[in-house]
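# Descriptive structure summary
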Amino acid sequence: MNETATQPTAPLRARAEIDLGALRANVRTLRALAPGAALMAVVKSDAYGHGAVPCARAAVEAGASWLGTATPEEALDLRARAGLPDGVRIMCWLWTPGGPWREAIEADLDVSVSGMWALEEVVAAARAVGLPARVQLKADTGLGRSGCQPGDDWAELVGAALCAESDGLLRITGLWSHLACADEPGHPSIDAQLALFREMVAYAEERGVRAEVRHIANSPATLTRSDSHFDLVRTGIAVYGISPSPEVGSSADFGLRPVMSLKASVALVKQVPGGHGVSYGHHYITPGVTTLGLIPVGYADGIPRHASGTGPVLVGGKWRTVAGRVAMDQFVVDLGGDELEAGAEAVLFGAGDHGEPTAEDWAQAAGTIAYEIVTRIGTRVPRVYVNEGVGEIAEIVPEVVGEVIPGYEGDDVAQGCDVKRSGT
Ligand SMILES: *Cc1c(COP(=O)(O)O)cnc(C)c1O
């Protein structure tokens, strides 16, 4: 985790500036786009490389009532270290057998269950702890990754979960799924997944499930499909101000502002003759007398080696291009004869409104997606937080959306205990 809250005073080899003001504004923008739904800020993988604790706090300040992580360890770490008000819900979904179910129940996490092995483990943990678990049942509506298959598998899982609920061992707090192609608007699988999700939710509700939240939308669906919002939207990349894909639109189209800026100090500027090979393998040869600038970040810092010869950098007011290979710790740009001082600022990417490239430009240069560019920025690069704000989180009134039935005790679901399959 990288919460180096150092001020950007000392000269740093490289730093990732994290604009928490932009993050808060993005959360507000997303909430306005999905006004009927609660917002989960997805802060897995150290908040896509931005730093989980400061980003989680800023997102909550701006109105996120849920936080989402992949692993239970990430979620437990947030509960322990982020100083969040009690009402903030944290959900995690990537479980493997033998996972920290007891700790998750004690930390009041919402845990995802995709199949019977996980339900059995969480129920055993709830018995051991003596507290009910908050369980969200995940349906595979077509992504083909985690989630329970429709049909008999779903019937069995829903029935067993209702049975455990009537025994007081868990609460079914959510019914949820994940989309495969939301970043390709118009892809036929989106409609098909939404239709199957409605069916699987309706089936569970007919059996007696009364979930607080039903949810399927990630960032691209939140931005482009209001019919996918249901009770909660799970936004990751958009919180960090980055568009999920060029097909969805640019971040500016949605009023989102990139949160991370990656900057480095030029380590050396020198003049070289024409015909000079540059970096390992000599894949760049200077076309004539020129100046080279050494940028002291490399693939160990998350600069993709696939951006060799293509990655853009703003140095001395102009876009330069990675000359030759990206090495582990450094790469070179051809400054075209410009005489810059060592220590000049190199901006690899940022919000894009001061002439600098964006993470999306790097994604294009490296043949990947902007998610991967920001998430892989390494731990050797300190995160420097700007626009941190008040630092105190106002008391959170968790919004209850969806159909919560007060006093619901699951008493009409006793049939779930002996009915393994739907009767229909
Ligand atoms: C990562 C993730 C998200 C967030 O996706 P974005 O495209 O970044 O908004 C939502 N839901 C699940 C299950 C995820 O794994």
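As a starting point, this report considers the structure included with it.

Conventions we followed
Each chain carries its own residue numbering, running from 1 in the written order of its sequence. Predicted model: local features are reported for residues with pLDDT of at least 70 only, side-chain atom pairs are reported and counted for 80 or more only, and whole-chain, interface and lining totals are derived from all residues. Excluding hydrogens and water, the side-chain values take into account all heavy atoms of the structure. Strands are runs of DSSP state E lasting at least two residues, helices are runs of H or I lasting at least four, and both sets are numbered from the N terminus onward. Exposed residues in this analysis have more than 50% of their type's maximum accessible area, buried residues have under 20%, and partly exposed residues fall in between, with area computed by a 1.4 Å probe over protein chains only. In this description, accessible areas are obtained by the Shrake-Rupley approach with a 1.4 Å probe, and a residue is regarded as covered only by the protein chains that are shown. Between N or O atoms, a polar contact is any pair within 3.5 Å; within protein, one atom must be a potential hydrogen donor and the other a potential acceptor, and residues adjacent in sequence are included only when both atoms are from side chains. The arc in question is the one traced by the directions running from the helix axis out to the C-beta atoms. When checking whether two residues touch, look at their non-hydrogen atoms; a contact exists if any pair is within 4.5 Å.

Summing up its helical and strand segments, the protein chain has 12 helices and 19 strands in all. When the 424 residues of the protein chain are sorted by exposure, 55% land in the buried category. Carbon and sulfur atoms make up 52% of the accessible area of the protein chain, which amounts to about 17,400 Å² in all.

Before going further, it helps to examine the environment of glycine 367. Looking at the element boundaries, glycine 367 is found in the loop between helix 10 (359-366) and helix 11 (370-375). Along the sequence, glycine 367 and alanine 307 sit 60 residues apart, while their C-alpha atoms lie 8.0 Å from each other.

Our next topic: the side chain of threonine 290. Along the chain, threonine 290 falls in strand 14 (residues 290-295). At a separation of 2.6 Å, a polar atom in the side chain of threonine 290 contacts the side chain of aspartate 334.

Before going further, it helps to examine helix 10. Three or more residues of helix 10 are buried, namely Ala359, Trp362, Ala363, Ala365 and Ala366. Angular distribution of buried residues about the axis of helix 10 spans 165 degrees; they occupy a single face of the element. Check the buried side of helix 10 and you find it contacts strand 15 (312-315), strand 16 (318-323), strand 17 (331-334), strand 18 (345-349) and helix 11. Looking one or two residues beyond helix 10, the residue adopting positive phi is glycine 367, at roughly 70 degrees.

The values are spatial; any link to function lies outside them.
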